[in-house]
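Spelled out, the chains give:
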Amino acid sequence: MAERRTPEVAAWEPRVRLFGLVVLAVVPVLIGCGLLFTFVGEYAGVVVAQRIAVGVALAVVLSAIVVCRRRPPDGCLLTAVRIAFFGTYALVAVAAALTARNENWEILSIPIYLMLIFSLHALYERCTRRFEAFGK
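Before going into details, it helps to say that this report is about the structure given with it.

1. As for the overall build of the protein chain
- For the protein chain, the helix and strand inventory stands at 5 helices and 0 strands.
- The linear arrangement of helices and strands in the protein chain, starting from the amino end, is α-α-α-α-α.
- A buried classification covers 34% of the 136 residues belonging to the protein chain.
- Partitioning the intrachain contacts of the protein chain with sequence separation of at least 6 by distance along the chain shows that 80% fall at a separation of at least 24.
- When the accessible surface of the protein chain is summed, it comes to about 8500 Å², and 69% of that surface belongs to carbon and sulfur atoms.

2. Quick look at the packing of helix α1 (residues 7-37) against helix α3 (residues 48-68)
- As a packed pair, α1 and α3 sit with axes 10 Å apart at the nearest point and diverge in direction by 170°. Here α1 lies roughly antiparallel to α3, going by the angle between them. Here α1 contributes Arg17, Leu18, Leu21, Val22, Ala25, Pro28, Val29, Gly32, Cys33, Leu35 and Leu36 to the contact with α3, which in turn contributes Arg51, Val54, Gly55, Leu58, Val61, Ile65 and Cys68.
- Residues belonging to the contact of α1 with α3 are distributed by class as follows: 14 nonpolar, 2 polar and 2 charged.

3. A few points about the nonpolar core
- In this structure, Phe85, Tyr113, Leu120 and Leu123 are the most contacted members of the largest nonpolar core, which totals 29 residues.
- For this core, the secondary structure elements donating two or more residues are α1, α3, α4 (76-99) and α5 (106-128).
- For this core, the element with the most residues is α3, which contributes 9 residues.
- Not counting the four nearest positions on each side in its chain, Leu123 is found in contact with Leu21, Leu24, Ala25, Val61, Ala64 and Phe85.

4. Some thoughts on the side chain of Thr88
- Mapped onto the fold, Thr88 is located in helix α4.
- Here Thr88 falls in the buried class, since its relative accessible area comes to 2%.
- At 2.6 Å, the side chain of Thr88 and the backbone oxygen of Ala84 are in polar contact.

5. Concerning the environment of Leu62
- By the secondary structure assignment, Leu62 is in helix α3.
- Between the alpha carbons of Leu62 and Val22 there is a distance of 9.2 Å; along the sequence they are 40 residues apart.

6. Focus: α1
- Helix length check: α1, at 31 residues, gives a terminal C-alpha distance of 44 Å against a target of 45 Å (1.5 Å per residue), a fit within 8%.
- At Val26, α1 is deflected by roughly 30°, the largest bend along its length, and proline Pro28 occurs up to four residues later in sequence.
- Here α1 has its buried residues at Glu13, Arg17, Gly20, Leu21, Ala25, Pro28, Ile31, Gly32, Gly34, Leu35 and Leu36.

7. Topic: the pattern of salt bridges
- On inspection of all chains with the given rule, the structure shows 1 salt bridge.
- Where Asp74 meets Arg71, a salt bridge forms, and the shortest distance between an N and an O atom there is 3.8 Å.
- Accessibility expressed as a relative area gives 53% for Arg71, which makes it exposed.

Calculation notes
- Residues numbered from 1 in each chain as written.
- Predicted model: local features only at pLDDT ≥ 70, side-chain atom pairs only at ≥ 80, totals over all residues.
- Heavy atoms only, no water.
- Helix = DSSP H or I, 4+ residues; strand = E, 2+ residues; numbered from the N terminus.
- Buried < 20%, exposed > 50% of the residue type's maximum accessible area, 1.4 Å probe, protein only.
- Contact = heavy atoms within 4.5 Å.
- Areas by Shrake-Rupley, 256 points an atom, 1.4 Å probe, with all protein chains shown as cover.
- Axes fitted to C-alpha atoms, helices over the stretch in contact; angles between N-to-C directions.
- Parallel < 35°, antiparallel > 145°, perpendicular 65-115°, else oblique.
- Nonpolar A, V, L, I, M, F, W, Y, C, P; charged D, E, K, R; others polar.
- Core = buried A, V, L, I, M, F, W, Y, C linked by side-chain atoms within 4.5 Å.
- Polar contact = N/O pair within 3.5 Å; in protein donor to acceptor, adjacent residues only side chain to side chain.
- Expected span 1.5 Å × (residues − 1).
- Bend = angle between axes of the 7 residues up to and from the residue.
- Salt bridge = Lys/Arg side-chain N within 4 Å of Asp/Glu carboxyl O.

In structure tokens form, the structure reads like this:
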């Protein structure tokens with residue numbers, strides 16, 4: 001027996017979507033802030049170019065939440081979201097390659113950048129996913 005969709009359920013769906021986006025954004029924000037504002041970035045030798053790449057990643061995370069909070073993007077907006085995320089993956093990969101020059105920290109910092117890329121991609125997947133109505 002199929003239940004009818006009530007207005008209360010319809011009102012909760014955007015809230016649940018926003019909550020899911022915020023939960024997935026926590027990991028890249030923590031990694032990015034850890035590289036930018038803590039002693040880890042200082043000890044790892046994070047230079048200006050790497051700080052810019054991580055800052056762009058944080059900006060993409062926040063803008064993705066704003067753009068995708070109600071419904072997944074489509075059309076030109078979807079193309080812009082894809083370009084932003086895939087460009088950010090490339091920037092973070094270059095930042096990781098720049099860190100590989102520092103022999104003391106490459107074994108620790110490369111996985112940090114990889115985790116940043118993977119967590120960004122998880123957020124991208126959540127942003128572009130169409131969701132089913134509750135109860136279906």
